[in-house]
Structures are given as C-alpha cells and as structure tokens.
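Summary of structural features
Okay, here's what each chain looks like letter by letter:
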Amino acid sequence: MTTTGFDIRRIGGRIGAEITGVDIAGDLGSGVVSEINSALIEHKALFFRNQRLDDAAQIRFASLFGELTTAHPTVPAAEGQPHILPVNGAEGIRSNRWHTDVTFVRTPPKATTLRSLVVPPFGGNTLIANSAAAYRDLPRPLRELADGLWAVHTNDYAEPRNAKAAEHRRQCVSRKYQTAHPVVRVHPESGERGLFIGGFAQRIVGLNADESRDILRILQSYVTRPENVVRWSWAPGDLVLFDNRITQHYAPDDYGDLPRLLHRVTVAGDVPVGIDGEHSRVVEGDDAQHYTPAVAA
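Quick caveat, the model's predicted, so the values are computed rather than measured.

Procedures and definitions
- Residues numbered from 1 in each chain as written.
- Predicted model: local features only at pLDDT ≥ 70, side-chain atom pairs only at ≥ 80, totals over all residues.
- Heavy atoms only, no water.
- Helix = DSSP H or I, 4+ residues; strand = E, 2+ residues; numbered from the N terminus.
- Buried < 20%, exposed > 50% of the residue type's maximum accessible area, 1.4 Å probe, protein only.
- Contact = heavy atoms within 4.5 Å.
- Polar contact = N/O pair within 3.5 Å; in protein donor to acceptor, adjacent residues only side chain to side chain.
- Pairing = 2+ DSSP bridges.
- Axes fitted to C-alpha atoms, helices over the stretch in contact; angles between N-to-C directions.
- Phe/Tyr/Trp six-rings, centres within 6.5 Å; stacked < 30°, edge-to-face > 60°.
- Lys NZ or Arg CZ within 6 Å of the ring centre and 35° of its normal.

Summarising the element assignment, Arg-260 is placed in the loop between β14 (247-250) and β15 (261-267). A relative accessible area of 5% places Arg-260 in the buried class. On a C-alpha basis, the gap between Arg-260 and Phe-47 in space is 18 Å, while along the polypeptide they are 213 residues apart. Once residues within four sequence positions are removed from consideration, Arg-260 is found in contact with Val-87, Asn-88, Gly-89, Val-118, Pro-120, Gly-124, Asn-125, Thr-126, Trp-234, Ala-251 and Tyr-255. A polar side-chain atom of Arg-260 sits 2.9 Å from the main-chain carbonyl oxygen of Gly-124.

This is how it looks when you write it as structure tokens:
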C-alpha cells in the first residue's frame, strides 16, 4: 500500500508490478503521479487492469509523465489523433522482435503506454525485459567490453514477411534514420546502467558486420533471459506503462489471423548518455523534431 492508497503488487522477480486501487482515467493528484513514477523507476513496467480508457484519457494519463511525442517519426497516426499510434496486427504491425521504441532517433521516448482495444482469445501477449538486470548479469569481462561500445540504430532493418508487412515497412523507412547510442546507457533518474540495444541496433561502431552481429547477439541474450522478462496477458481495457529507457519488449506472433489492436502513446525522452558522459549523436537523418519536443543536449 502506498501513502496515497493504491496497491503495488510485484508480478515478476526482476521486473513488473500490477497497480490496483487507482482509476487512471480520473484526476490524479501530484502525489499519486509521483508514486506511480517512483514505482515505474523501481519496477520498469506497470500494469493496470480494467481501466476503460478512451483515447483522450490515455493521452491525458501519459502526459502526466512529460511532454508527448507524436505517434511515430514516419508511420501515420490514428485519424484525428496525432499522438496515437495504432498497433494493429491485421495491418501487419506485429512487433515480434525484441526492441526499445524508436531508438533510431537521437531522443527516443522516455516511456510508452499501450492500451488494449481488441485482444485475441489466445496469444497476443506482450513480453517486457529489464535491461538493467541484464547489465548486472554480465560477467565482468563482458561488462567492461560493453561499457566502451557504441551501436548504430536504424529504422532500415528486417525484411517483411508478407504484403501487409511490406507496406508497413515502406512507411517505416520513408525517412531513414541512423543514430549512434552508447551500448550502456545511464538512466537519467535512477543512475542505473542498462544495455541499450535491441532490434534497431544493427552494428557496433568500429566493428564489421560479422563482429557486430556476434557481439550484439551475446549481449542481447542477457536481456532476454527468462529471469529478466515479464509476460502480460491482455484483457480489453488494460493499460501498460513501461520505462523505455531501460527495457525492451516483444509481442509474440502467435494468434494467427485473429484481430489484435493496441493504441500506443509515448512520452518524450532525453538524449541518452553513456558512462563516460558522452551523448548520442545523429549519423543519418535529423533530430526528428517533428516527432519529439525533447530538447537535444
């Protein structure tokens, strides 16, 4: 029980907590918001059941944690809702690849909210991984190696599997981005170190493609260890809030042709910083100011 009256129940050994006893569609006081944010920093991913939000309420809740981005740097927003990205399995948007949202720009989101509108009767879960626990799991030689590495993240990745996925990919790469981020990012609020890689990270600065692939595969295997992952089984009306600065997520493509629709709203973030204090830098593209209002360092 928190000082403001809602409950926090851990649902994973290393990541994830369910929040009960709070109506996030209502007017939340500053104390409630502060405690939710503290829980987010501690647990990395928070789950709210049966909230019965509409688009406006989801936007209002997300904005309590900072300025919002628009829906996506290249993919169209929901009609009339510039902050909402529809995640629609029927339209080929199936995120069955471990990733952190929009790391191909210099200022990726601080946090992501996902709200379920339509969920399949089986499958369609979301997995979220704790990249700080992954960093702590690294043997000392690997940790010391990772501390000095930088990775180039790009939205130009992954060949499509079908026509709908191909159309989605064409939208994604209509404007190409490459950004160099530290492989080990220092969290701006907690000071924790986490592995900042995932599906958009395509190569290590200074290494060739084969070397990059091997190093990223080894480091990524620590992120996705079962000990570091929580799985959420959606029901209509659920909302998930996760810290995009220190997590990765994955949506298994295991529900066939059944409908699955989530709405995503993201909170603008800052420029990632490595353990040496150096900030991320643009390699190709721009600062994506049309997408995020975050101030570049």
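Additional details are given in the paragraphs that follow.
A sheet is described by the order of its strands in space; here 4 strands give the open sequence β11-β7-β8-β16, paired in antiparallel fashion. The open sheet is flanked by β11 (201-204) and β16 (281-284), the only strands paired with a single partner. Averaged over all pairs of adjacent strands, the angle between their axes in this sheet comes to 35°, without regard to strand direction. Pairing of strand β8 (residues 178-182) with β16, which is carried by 3 bridges, proceeds in the antiparallel orientation. Paired with Ala-180 across the bridge in β16 is Arg-281.

Turning our eyes to something else, we now look at the sheet that holds strand β12 (residues 229-232). Backbone hydrogen bonds are what pair the strands of a sheet, in a parallel or an antiparallel way. If you trace the 3 strands from one edge of the open sheet to the other, you get β12-β6-β14, paired in antiparallel fashion. Each edge of the sheet is formed by a strand with only one pairing partner; in this case those strands are β12 and β14. In this sheet, adjacent strand axes meet at a mean angle of 20° when their direction is disregarded. In terms of strand pairing, strand β6 (residues 126-130) meets β12 through 4 bridges, oriented antiparallel. From the neighbouring strand, Ala-129 faces β12, where its bridge partner is Val-229.

Right, let's talk about the environment of Pro-272 for a bit. The topology assignment puts Pro-272 in the loop between β15 and β16. On a C-alpha basis, the gap between Pro-272 and Arg-60 in space is 26 Å, while along the polypeptide they are 212 residues apart. Here Pro-272 is in contact with Arg-106, Pro-108, His-181, Pro-182, Arg-185, Phe-196, Glu-278, His-279 and Ser-280, once residues within four sequence places are set aside.

A separate point is the side chain of His-249. When you line up the elements, His-249 lands in strand β14. Relative accessible area serves as the criterion here: at 7%, His-249 is assigned to the buried category. Side chain to side chain, His-249 and Asp-101 meet in a polar contact 3.1 Å long. His-249 has contacts with Arg-97, Trp-98, His-99, Thr-100, Asp-101, Leu-127, Ile-128, Phe-242 and Asn-244, leaving out every residue within four places of it along the chain.

Further remarks concern the packing of aromatic side chains. Scanning the entire structure with this criterion turns up 6 aromatic pairs. With 6.0 Å between their ring centres and 35° between their planes, Phe-104 and Tyr-177 make a pair best called tilted. Note that Phe-104 is positioned in the loop between β4 (85-88) and β5 (111-118) and Tyr-177 in the loop between α5 (163-172) and β8, a separation of 73 residues in sequence. Just as Phe-104 is buried, Tyr-177 falls in that class too. In this structure an aromatic cluster arises from ring pairing among Phe-48, Phe-61 and Phe-65. The cationic tip of Arg-143 hangs over the ring face of Tyr-135; the distance from NZ or CZ to the ring centre is 5.9 Å. Geometry around Trp-150 places Arg-281 over its ring, the cationic atom sitting 4.8 Å from the centre.

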